[in-house]
Amino acid sequence: MADPIQPPAGPGGRRVRIGCGAGFSNDRIDPARDLAERGALDFLFFECLAERTLANAHALRAADPRAGYDPWLKKRMEAVLRPCREAGTRVISNMGSANPAAAGEAVAEVARSLGLQGLKVAVVEGDDVAAHMTPDLELMDGEGRLGEVPLRMTGANAYLGHEPIREALEAGAEVVITGRCADPSLAVGPLAHAFGWAADDWARLGAGTLVGHLLECSTQVTGGYYADPGRKEVPGLAFLGFPFAEVAEDGSAVIGKLDGTGGLVSRGTVLEQMLYEVHDPAAYLTPDVTADFSRVRLAEPARDRVAVSGGVGRARPETLKVTIGFDGGFLSEGEISYAGPNALARARLAGEVIETRMREVHGHQGPIRQDFIGLSSLHGTAHDLDAPPYEPAEVRLRMALRTHDRDLAEALPREVEGAWLSGPAGGGGARGRVTPAVTTRSALLPRGLARPTVRMITA
Amino acid sequence: MRVRLHEVASARAGDKGDVSSIAVFCDGPEVFEAVRAQVPPERLSEEFPRLFRGPVRRYEIPHLHVLNYVIERGLEGGVNASLNLDAHGKSFSFLLLELEIDLPRDQETN
């Protein structure tokens, strides 16, 4: 009898094991090493590139031509390259960010320092489409034309699909480093390579996209972003395992995690992640396919194993999505707390005083946000602040504004701190920070304008 | 009986630009039908007009008991522009779970 946790084998009978080693740039590294050491994987991919991350990386590259790739790239490679090479696991990542070439060199350096001479590292470029950003380019979401944005552009990157990754693997790459590409393509590339899927096999590309989508946020499918004590319990949240999928030739898969790791893989965790950041589940657009998750079937063949089938797809979009980054000035924030009798009234008074000073002394004209953390911050805009639901034992005033003027940005944390001496009675724990901000817009570009290239570096 | 959604459903929120998407996972077909009938997309605009400022669309996956709410201009400008402490709107899933619905009496949860 067949192993009950295996998906049905395809014509070739082969199943491919692919794992996810990161769901964002600052993700945990120890579970990735565990997956590299014990996962018996064919492929391990790392998704580290949010829109904002890439826009920041462009700023770093502008200051230093050797910078602009993921700041954790070397640490991650130091953790996984040796076990991956020993297990025959090939690594794919978008940690190239705004500088895939420098990232590829950095991977080769790490490989040499580990004694892994001869490691083949492929660099995928061609996502940088800044040269095609003309003032008359129409922006998505009714944002007008590019030339109308009154901000300094810092970079423009098209979402590439799976094809250059596949090409790199076919050329023998053991590590593939990309810049901007669609997150699920980091999984579709290796699957299409392993199974020989055609670039217009929409059903399989849709199924593979579902696998990539389920894995790409790492622990969000193994019990992260899920626990709700008393309603949804997750064991071992401090040591969540990273996920892997065992994929059949037709794209159906079993999602799992390593034995002995924390978390859980259940119908609930998989279903929640399937909808994450999805709009129309029957039309999830990537550069590879219009994927359709609306007919997916889930089953739980064994503990911490969920079988996923029925992911399909239709023809891919004719255009590529482009993210355009701009200098967004600064986000300025300051916080101070009040506790005990009349805490809320004192926090409100502090907020009024600080806002008055930001307007009348420092001349800030834009919006100023006042939140009362513990009472009305995260959902503050949704609720009526004039009718607090209860009198809090303590409350933390948070104030925030955005500006392109550094002096003005730095004035807010100082004014909040000033409330220690000059504000209402009993204010404590003042903190503040100024964060350089980026802002982004999106546009659609004809597919032919982005020309991906693959270049091999040997360590 | 009147219940808060939190007692009979889960939710997960995601962000893309200034669009918040909040998927609601119902504890069974009866809850799914009740939410489908009693939480139409316009209810979100009516309950939270200052937060959710654009049109709301809703997608359904009936066999999995999922309703997916997609809210244009639902993130106060999005992660790059919002002054909200939670600029991604990750906590907005629990804003939806505060909503109340009526369930037939024999659908009381255990």
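From a predicted model like this one, the values you see are computed outputs, not experimental measurements.

A. Up close: helix 8 (residues 267–275) of chain A. Residue and element names in this part refer to chain A. Within helix 8, seven of the nine residues are buried, which leaves it mostly tucked inside the rest of the structure. Considered for burial, the residues of helix 8 that qualify are Thr269, Val270, Leu271, Glu272, Gln273, Met274 and Leu275. Glu277 lies just past helix 8 and shows a positive phi near 60°.

B. Region of interest: the interface of chain B and chain A. The interface of chain B with chain A comprises 28 residues on the first partner and 32 residues on the second. Only strand 2 (9–16), strand 3 (19–26), strand 4 (56–61) and strand 5 (66–71) of chain B provide two or more residues apiece to the side of chain B that touches chain A. In terms of residues, the side of chain B that touches chain A owes the most to one element, strand 2 of chain B, which gives five residues. Its residues assigned to classes, the side of chain B that touches chain A shows 14 nonpolar, eight polar and six charged.

C. Spotlight on the environment of Gly236 of chain A. All names here are of chain A. Assignment of secondary structure puts Gly236 in the loop between helix 7 (202–215) and strand 7 (243–247). The spacing of Gly236 and Met274 is 38 residues in sequence and 22 Å in space, taken between C-alpha atoms. Residues in contact with Gly236, not counting those within four places in the same chain, are Gly262 and Gly263.

D. Structural detail: unusual backbone geometry. Residue and element names in this part refer to chain A. With phi around 60°, Asp141 is a residue other than glycine that occupies positive phi space. Here Asp141 shows up in the loop between strand 4 (120–125) and strand 5 (153–158). Residue classification places Asp141 among the partly exposed residues on the basis of 16 C-beta atoms within 10 Å. Residue Glu277 is not a glycine yet carries a positive backbone phi of 60°. Structurally, the position occupied by Glu277 is in the loop between helix 8 and strand 9 (284–285).

E. Representation of the packing of helix 1 (residues 30–38) of chain A against helix 3 (residues 73–87) of chain A in the model. All names here are of chain A. For the pair helix 1 and helix 3, interaxial distance at closest approach is 8 Å and the crossing angle is 10°. Classified by the interaxial angle, the pair formed by helix 1 and helix 3 is roughly parallel. Contact residues: Ala32, Arg33, Ala36 and Glu37 in helix 1; Arg76, Ala79, Val80, Pro83 and Cys84 in helix 3.

F. The arrangement of the environment of Val221 of chain A in detail. Residue and element names in this part refer to chain A. Mapped onto the elements, Val221 comes out in the loop between helix 7 and strand 7. Put simply, Val221 and Gly340 are 119 residues apart on the chain and 41 Å apart in space, counted from C-alpha to C-alpha. Those residues within four positions of Val221 in sequence are excluded, and the remaining contacts are Leu214, Leu215, Pro243, Ile255, Val265, Thr269, Val270 and Gln273.

G. A look at the pairing of strand 7 of chain A. Residue and element names in this part refer to chain A. When you tally the buried positions in strand 7, you get five out of five residues, the bulk of the element. Burial of the side chains of strand 7 extends over both faces: Pro243, Ala245 and Val247 are buried on one face and Phe244 and Glu246 on the other. Direction of pairing for strand 1 (residues 16–22) relative to strand 7: antiparallel, over a ladder of four bridges. Bridge pairing links Ile18 to Ala245 in strand 7. Relative to strand 8 (residues 253–257), strand 7 runs antiparallel, the two being bridged by five bridges. The partner of Phe244 across the bridge, within strand 8, is Gly256.

H. Spatial organisation of the sheet that holds strand 18 (residues 453–458) of chain A. Residues and elements named next belong to chain A. The mixed open sheet is built from 10 strands, whose spatial order is 11-12-8-7-1-2-3-6-4-18. At either end of the open sheet lies a strand with only one pairing partner, and these are strand 11 (297–302) and strand 18. Strand-to-strand twist in this sheet, taken as the mean axis angle between neighbours without regard to direction, amounts to 25°. Taken together, the four bridges between strand 8 and strand 12 (residues 305–309) define a ladder with antiparallel strand orientation. Bridge pairing in strand 12 places Ala253 opposite Val308.

I. Quick look at the confidence of the model for chain B. For chain B, per-residue confidence averages 93 on the pLDDT scale, and 95% of positions sit at 70 or higher. Across the predicted assembly, pTM comes out at 0.94 and ipTM at 0.95.

J. Broad picture of the packing of helix 3 of chain A against helix 4 (residues 100–113) of chain A. Residues and elements named next belong to chain A. Axis separation between helix 3 and helix 4 bottoms out at 10 Å; the angle between their running directions is 40°. By the angle class used here, helix 3 and helix 4 are oblique. Judged by the twist between their axes, the crossing of helix 3 over helix 4 is right-handed. Contact residues: helix 3 offers Leu73, Lys74, Met77, Glu78 and Leu81, while helix 4 offers Ala103, Ala106, Val107, Val110 and Ala111. Its residues placed into classes, the contact of helix 3 with helix 4 shows eight nonpolar, no polar and two charged.

What counts, and at which threshold
Residues numbered from 1 in each chain as written. Chains lettered and ligands numbered in written order. Predicted model: local features only at pLDDT ≥ 70, side-chain atom pairs only at ≥ 80, totals over all residues. Buried ≥ 20, exposed ≤ 12 C-beta atoms within 10 Å, placed from the backbone. Helix = DSSP H or I, 4+ residues; strand = E, 2+ residues; numbered from the N terminus. Contact = placed C-beta atoms within 7 Å. Nonpolar A, V, L, I, M, F, W, Y, C, P; charged D, E, K, R; others polar. Axes fitted to C-alpha atoms, helices over the stretch in contact; angles between N-to-C directions. Parallel < 35°, antiparallel > 145°, perpendicular 65-115°, else oblique. Pairing = 2+ DSSP bridges. pLDDT = per-residue confidence, 0-100. Left-handed = near helix turned anticlockwise from the far one by under 90°.

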